[in-house]
Amino acid sequence: HHQIMKAADYSMLSEDVLALIYHMAKVCGGGILEIGSFLGASTVVAGMGARASGREKKFVSIEPGGVLKDHKLATKNIFKDLTKHVARAGLENAVTLLNGSSFDDSVIATVKNKFAPGEVGFFIFDADANVRRDIDCYKSLFADGCWMVIDDYISATNKAGPTREHVDELTAQGRLRPLGFYGWGTWVGRWSTGVME
């Protein structure tokens, strides 16, 4: 609990969402795929959860990096700080950090080389407003019942509209099964592969 609270100091996610991420990483079958690690709070708590499971779990986290100005979590180098937080938690060998965009061909190839189809048991998305693009790209890797955490379903930012639209569309199609909303508007649920393409 203390480590989750420490991670909350450099997170845009609420403490209850971080606690959920820890739990889901601990109980999920298969590996973990994260898109949009930012400074690594969710990466660290997911890594701690996976470690607490007592089973080795593949974990890939994708972050394009960059600079964030005029913000309480301002940083000159997002990816460098992410790497530092992961190393400080003793997780540098437990998670593969990819510095790039989730839709870059090289990143897609690396992720699909790491996971077999249906091997991802937990998917975390906290990137731009195009969650549908990444789900469409990586859905072959998701296990049936894969836990899903999608941030900015409800948000004061311009990400909320498109994110909510994509999630609602996939829910209506039966691909996403909602569990609820947590924190400041993070959608939590599960993936269903039981629908014909």
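Structure report, in brief.

Cut-offs used in this document
Residues numbered from 1 in each chain as written. Predicted model: local features only at pLDDT ≥ 70, side-chain atom pairs only at ≥ 80, totals over all residues. Heavy atoms only, no water. Helix = DSSP H or I, 4+ residues; strand = E, 2+ residues; numbered from the N terminus. Polar contact = N/O pair within 3.5 Å; in protein donor to acceptor, adjacent residues only side chain to side chain. Contact = heavy atoms within 4.5 Å. Buried < 20%, exposed > 50% of the residue type's maximum accessible area, 1.4 Å probe, protein only. Salt bridge = Lys/Arg side-chain N within 4 Å of Asp/Glu carboxyl O. Arc of directions from axis to C-beta. Axes fitted to C-alpha atoms, helices over the stretch in contact; angles between N-to-C directions. Left-handed = near helix turned anticlockwise from the far one by under 90°. Nonpolar A, V, L, I, M, F, W, Y, C, P; charged D, E, K, R; others polar. Core = buried A, V, L, I, M, F, W, Y, C linked by side-chain atoms within 4.5 Å.

### Details of the side chain of threonine 43
Part 1: Along the chain, threonine 43 turns up in helix 3 (residues 41–52).
Part 2: Within the local environment of threonine 43, its side chain forms a polar contact with the side chain of glutamate 34, the two groups lying 2.6 Å apart.
Part 3: Beyond its immediate chain neighbours, meaning those up to four positions away, threonine 43 contacts Glu34, Ser37, Phe59, Ser61, Leu82, Val86, Val95 and Leu97.

### Focus: the environment of isoleucine 35
Part 1: Within the element layout of this structure, isoleucine 35 appears in strand 1 (residues 31–35).
Part 2: A relative accessible area of 2% means that isoleucine 35 is categorised as buried.
Part 3: Residues isoleucine 35 and alanine 127, spaced 92 residues apart in sequence, show a C-alpha to C-alpha distance of 6.2 Å.
Part 4: Contact partners of isoleucine 35, with chain neighbours within four places excluded, come to Ile62, Ser102, Phe123, Ile124, Phe125, Asp126, Ala127, Asp134 and Tyr138.

### Quick word on the pattern of salt bridges
Oppositely charged side chains can form a pair if their charged atoms are brought close together.
Part 1: As enumerated under the stated definition, the model contains 7 salt bridges in all.
Part 2: Note that arginine 133 is salt-bridged to aspartate 128, the shortest N-O span being 2.9 Å.
Part 3: For aspartate 128, a relative accessible area of 31% gives the class partly exposed.
Part 4: For arginine 133, the salt bridge goes to aspartate 134, with nearest N and O atoms at 3.1 Å.
Part 5: When its relative accessible area of 0% is taken as the criterion, aspartate 134 is described as buried.
Part 6: What emerges from the salt-bridge pattern is a single network uniting Arg132, Asp136, Lys139 and Glu169.

### Focus: helix 4 (residues 78–88)
Part 1: Here helix 4 has its buried residues at Ile78, Phe79, Asp81, Leu82, His85 and Val86. Down the axis of helix 4, the buried set is contained in an arc of 160°. They therefore lie on one face. Exposed positions of helix 4 whose direction lies more than 90 degrees from the buried face are Lys80 and Arg88.
Part 2: At its buried positions, helix 4 is contacted by helix 3, strand 2 (59–63) and strand 3 (96–99).
Part 3: By the N-cap criterion, in which a side-chain oxygen at the helix start approaches the backbone nitrogen of a residue two or three places on, helix 4 is capped by asparagine 77, the distance to phenylalanine 79 being 3.3 Å.
Part 4: Looking one or two residues past helix 4, glycine 90 carries a phi angle of roughly 75°, positive in sign.

### Digging into the packing of helix 2 (residues 15–27) against helix 3
Part 1: Axis separation between helix 2 and helix 3 bottoms out at 7 Å; the angle between their running directions is 35°. Crossing of helix 2 against helix 3: the hand is right-handed. Across the interface between the two elements, Leu18, Ile21, Tyr22, Ala25 and Lys26 from helix 2 touch Ala41, Ser42, Val45, Ala46, Met48, Gly49, Ala50 and Ala52 from helix 3.
Part 2: When its residues are assigned to classes, the contact of helix 2 with helix 3 shows 10 nonpolar, 2 polar and 1 charged.

### Observations concerning the nonpolar core
Part 1: If you look at the biggest cluster of nonpolar residues, it comprises 27 residues, and the most contacted ones within it are Val111 and Tyr138.
Part 2: If you list the elements that add at least two residues to this core, you get strand 1, strand 2, helix 5 (105–114), strand 4 (120–125), helix 6 (131–138), strand 5 (142–150), helix 7 (160–172) and strand 7 (186–191).
Part 3: Not counting residues up to four positions away in its chain, the partners in contact with tyrosine 138 are Leu33, Ile35, Ile62, Ser102, Val107, Ile108, Val111 and Lys112.
Part 4: Core analysis: the second largest hydrophobic core is formed by 26 residues, Ile21, Ile32, Met48 and Val86 among them.

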